[in-house]
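Spelled out from the first residue to the last, the chains are:
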Amino acid sequence: MNRGLRRGILVALCAAALCWDGAEAGAQVRAAHIGYVYPAGGQRGTTVEVFLGGQFLDGASAAHFTAPGITATVIDHFKPLTQAQFARLREELDELLSRRAAAIKAQRSPTKETKREAKGNAADSRKSENVPAAAVPAWTEKDDQRINEIRKQLATFVRRPANPAIAEVVTLKVEIAPDAPVGDGEVRLITSMGMSNPMVFHVGALPEAVQARAGVQENPRFAARLFENRRAEPSKELSVSLPAALNGQIMPGEVDRFRFSAKKGQRLTADAYCRRLIPYLADAVPGWFQATLTLYDAHGKELCYADDYRFSPDPVILYEIPADGEYVLEIKDAIYRGREDFVYRIVIGELPFVTSVFPLGGPAGRPGSVVLDGWNLPRNELALNAEMAPGVHLITLTDDEHRVSNAVPISIDTLPERLEREPNDDVQKAQPLSLPIIVNGRIQQGSDRDVFSFVGRRGQKIVVDVNARRLGSPLDSIVRLTDAAGNRIASNDDYEDKSIGLLTHHADSYLQVELPADGTYYVWLSDSQTHGSPDHAYRLRISEPRPDFAVRVAPASVSIRAGTSIPVSVYAARRDGYDGEILLRPKDFPPGWSISGARIPPGKDEIRMTLTGPAPEEKRAPVAIAFEAVSRAGDHEIVRPVAPADDMMQAFAYRHLVPCETMLAMVSGTVRGSIRLDSKNPVRIVPGKETAVRFITGFGGGLPRAEVDLAEGPEGVSLKAVNNTRSGIEVVVAADAEKAKPGTAGNLIFGLTAKGMLAGNRKANAGSTVVASLPAVPFEIVAP
């Protein structure tokens, strides 16, 4: 097997979770995965039945919620039959039916003639087969029960499930405490295959309404029957009282409707959570459930329609009720697609909804405030805490009835700030600035443009950074930098910020330039779509480069065998041209856990490091894993939190790092011992020579019934030999004299291919499978 193929195996089998049943050596390692949660939330103080659809959910035994006050019990696991299982059950059913027919025939009362004939035939048969005279087909009530069981199982068979990734269904009984905090949290399943990925679960304060799926209420297992019907029957209209949280799933061609009463003058808000529940679908275009909302009056007249909210695919309706009466809210997919993971959750009523914030942030370390606009707001100004740390924070408003608004982001920064001053739409009226500065402004109308001036020096590096879309503003900015003579120095429309995984249209602008001469320069800012309103706010930073970075680690759920290691991916989004070394270090790590290879070399944006689990005697429960990233820019130390994320695919092609609330890790098995690196860090590799890397193992020397493979490494470096030593193993790598390039740095990742190395498995195995990794080995290639 070539190294690339082996690398693919390790990435696919180890990146998300390392779970392996020693009794099934040679089996492919598969990570538990959930693709939807339905309903995606519940009201505090209630008990709700929740369905989780996914794959490889065997042995689902518990659910882990990050929000406090939630407990869950697994009450059912449905798994569709495979073709082989279906065939075996059909054979068993045929055999049972034949036996039953024979038993019924034997119980009939024969005539004298047929008795003598049967007696003679039976005697001949017994003589030839040595069958006792009393042997007759036996049939019991237990056999009847088995026939019924098999028929029920066969009835759920789907030859080709629409999406095998969500074909299994685990049913939970979820109890939410009355004092559980309102807001979003995460839920993960604990299975025999390890811990699943996280999904959103919302705790709300509003009464819940749940659209019943066909058969789900009577029998949760029947939910899987929906796979057979690619076009489900349209749901019946459901009557609800406002305010409420409305939950449902949209199947192909389906439309869900909710009828409610409202009074004249009520300011109705209906906010649909769809993409915010499941950000990306790997096998659907455009890559998410594209919901539409339509409001009708009692006579079926359309009053309001929404298929998005500004740049968000999740639709929002804001509507003032014109008369007392009944109204109907309808939700469907824009092109009538649908399946089980087209899940929605609509909060509807006379609820607070923030449409804009100004300014979009404030200075760190000083008290401030922002002005809010929207519907049904309890107040229009919010004080900012002077102790808020630099960064982006989500803020909400709560009304007198403890109903919470939508969350909106604001940015806190350490630079001086000021407000944009109108008029400033040309060079003559340009607003003068002293750098560094953050300007809080608005593009008030489509023809508006804001112009700012500053004095610069030849050779000075300047950054112009617009922060608007990333903070929820509808502004699609474009900036340009000119000199005093009107010559364009640089311009930019869209700039991709890779740390923002939920944006697919990066509409903020960014420039980094070196000024060509001393003099006055002008920054021109406008909307590229020639749109504008008081909601089109921005934060404009003009300063010299500020070295910075954001770091993400994926996946957000890790299952690992005790004492072994697992690769995780680390991504750095470097800012303002910063290319220095970044180190990761544990932050409040639980006992027994450690990391290796936690260094992002200068200029690199991605590495693979390893996380090592504790000894087998440690408690096996999900634990929170947190890191912080550290670097130095001159005399200044930069410390940033490392955010957990999941690497998600959109529409067959695009990949995004979607932020998660918490990174959780869990020990899911044992090995006989542990493994740790016993070589200098980093290992120096010389082109044209061999280099030995030593590991200490707890197996009494060597790795019993295990093989080592170089899963990840630089071009020109290959595995030469693996030697057992008294204390462990020595791995020898060879560097090609021409292909191995001096200056290359990173981590060597060695995969472990098991042949019965796991505790409790003493049988020889015909096959093998990658089950773990050795600790990452930091390296650098040096010149001879």
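Here the structure is a predicted model, which is why all the values come from computation and not from measurement. (Residues numbered from 1 in each chain as written. Predicted model: local features only at pLDDT ≥ 70, side-chain atom pairs only at ≥ 80, totals over all residues. Heavy atoms only, no water.)

**Overview of the side chain of Gln249**
Move 1: Within the secondary structure, Gln249 is located in strand E12 (residues 244–249).
Move 2: Taking relative accessible area as the criterion, Gln249 reaches 5% and is therefore assigned buried.
Move 3: Only 2.8 Å separates the side chain of Gln249 from the backbone oxygen of Glu340, close enough to count as a polar contact. (Helix = DSSP H or I, 4+ residues; strand = E, 2+ residues; numbered from the N terminus. Buried < 20%, exposed > 50% of the residue type's maximum accessible area, 1.4 Å probe, protein only. Polar contact = N/O pair within 3.5 Å; in protein donor to acceptor, adjacent residues only side chain to side chain.)

**Remarks on helix H2 (residues 83–107)**
Move 1: The first and last C-alpha atoms of H2 sit 36 Å apart over 25 residues, in line with the 36 Å expected at 1.5 Å per residue.
Move 2: As for H2, its buried residues are in contact with helix H4 (141–155). (Expected span 1.5 Å × (residues − 1). Contact = heavy atoms within 4.5 Å.)

**As for the pattern of salt bridges**
Move 1: Under the definition given, this model contains 34 salt bridges.
Move 2: Notably, a salt bridge pairs Arg257 with Glu330, separated by 3.2 Å at the nearest N-O pair. Here Arg257, found in strand E13 (residues 256–262), pairs with Glu330, found in strand E18 (residues 325–333); they are 73 residues apart in sequence, far enough to count as distant.
Move 3: You can call Arg257 partly exposed: its relative accessible area is 31%. (Salt bridge = Lys/Arg side-chain N within 4 Å of Asp/Glu carboxyl O.)

**Points about the sheet that holds strand E25 (residues 408–413)**
Each strand in a sheet pairs with another by means of backbone hydrogen bonds, the pair being arranged parallel or else antiparallel.
Move 1: Pairing within the open sheet is mixed, and its 3 strands lie in the order E21-E25-E24. The sheet terminates laterally at strand E21 (361–363) and strand E24 (391–395), the two strands that pair on one side only. Sheet twist, expressed as the mean angle between neighbouring strand axes with direction ignored, is 25°.
Move 2: For E21 and E25, the ladder comprises 3 bridges, and the chain directions are parallel. Considered in E25, the bridge of Gly361 is made with Ser411. (Pairing = 2+ DSSP bridges. Axes fitted to C-alpha atoms, helices over the stretch in contact; angles between N-to-C directions.)

**Brief notes about the confidence of the model for the protein chain**
Caution applies to low-pLDDT regions: their predicted coordinates should not be interpreted in detail.
Move 1: Averaged over every residue, the pLDDT of the protein chain is 86; residues scoring 70 or more account for 84%.
Move 2: Confidence drops under a pLDDT of 50 for residues 125–129, and excluding neighbours within four residues, the segment shows 4 contacts in the predicted structure.
Move 3: Contacts for the low-pLDDT stretch residues 756–768, under 50 throughout, to residues beyond four places or in other chains number 36 contacts. (pLDDT = per-residue confidence, 0-100.)

**Here we look at the packing of aromatic side chains**
Move 1: Under the counting rule described, the total for this entry stands at 11 aromatic pairs.
Move 2: Between Phe454 and Tyr521, the ring centres sit 6.0 Å apart and the planes meet at 25°, which makes this aromatic pair stacked. In this pair, Phe454 sits in strand E29 (residues 449–456) while Tyr521 sits in strand E34 (residues 519–527), placing the two residues 67 residues apart along the sequence.
Move 3: Look at Phe454 and you get buried, because its relative accessible area is 2%.
Move 4: Above the face of the Tyr273 ring, Arg276 is positioned so that its terminal group lies 3.7 Å from the ring centre.
Move 5: Sitting over the ring of Trp524, Arg480 keeps its end group 4.3 Å from the ring centre. (Phe/Tyr/Trp six-rings, centres within 6.5 Å; stacked < 30°, edge-to-face > 60°. Lys NZ or Arg CZ within 6 Å of the ring centre and 35° of its normal.)

**A closer look at the sheet that holds strand E22 (residues 368–375)**
Move 1: Ordered by their spatial adjacency, 3 strands build an open sheet running E20-E22-E23, and the pairing between neighbours is antiparallel. In this open sheet, the two strands that pair with only one neighbour each are strand E20 (353–358) and strand E23 (381–384). Averaged over all adjacent pairs, the angle separating strand axes in this sheet is 35°, with direction ignored.
Move 2: Where E20 lies against E22, 5 bridges are found, and the strand directions are antiparallel. Directly across from Val354, in E22, lies its bridge partner Gly374.

**Describing H4**
Move 1: For H4, built from 15 residues, the straight-helix expectation of 21 Å at 1.5 Å per residue is met to within 8% by its first-to-last C-alpha distance of 21 Å.
Move 2: Within H4 the residues assigned to the buried category are Asp143, Ile147, Ile150 and Leu154. The buried residues of H4 occupy one face: seen down the axis, they fall within an arc of 70°. Of the exposed residues in H4, the ones pointing more than 90 degrees away from its buried face are Glu141, Lys142 and Lys152.
Move 3: Contacts made by the buried residues of H4 are with H2. (Arc of directions from axis to C-beta.)

**Digging into the packing of H2 against H4**
Move 1: Contact pair H2 / H4: the axes reach a minimum separation of 10 Å and the direction vectors enclose 145°. For the pair H2 and H4, the sense of crossing is left-handed. On H4, the residues that touch Phe86, Leu89, Arg90, Glu92, Leu93, Leu96, Leu97, Arg99 and Arg100 of H2 are Asp143, Asp144, Arg146, Ile147, Ile150, Arg151, Gln153 and Leu154.
Move 2: Of the residues assigned to the contact of H2 with H4, the class counts are 8 nonpolar, 1 polar and 8 charged. (Left-handed = near helix turned anticlockwise from the far one by under 90°. Nonpolar A, V, L, I, M, F, W, Y, C, P; charged D, E, K, R; others polar.)

**Re the pairing of strand E44 (residues 627–633)**
Move 1: Counting buried positions over the 7 residues of E44 gives 5, a clear majority of the element.
Move 2: Two elements, E44 and strand E45 (residues 636–650), share 6 bridges in a ladder whose sense is antiparallel. The partner of Arg632 across the bridge, within E45, is Glu637.
Move 3: With antiparallel pairing between neighbouring strands as the criterion, E44 and E45 make up a hairpin whose turn holds 2 residues, including Gly634 at a positive phi of roughly 70°.

**Brief notes about the environment of Gly688**
Move 1: Tracing the backbone through its elements, the reader meets Gly688 in the loop between strand E49 (683–685) and strand E50 (690–697).
Move 2: Judged by its relative accessible area of 49%, Gly688 is partly exposed.
Move 3: The sequence separation of Gly688 and Pro784 amounts to 96 residues, and the corresponding C-alpha distance is 8.2 Å.
Move 4: Each residue touching Gly688, except ones within four places of it in the same chain, is listed here: Ala735, Asp736 and Ala737.

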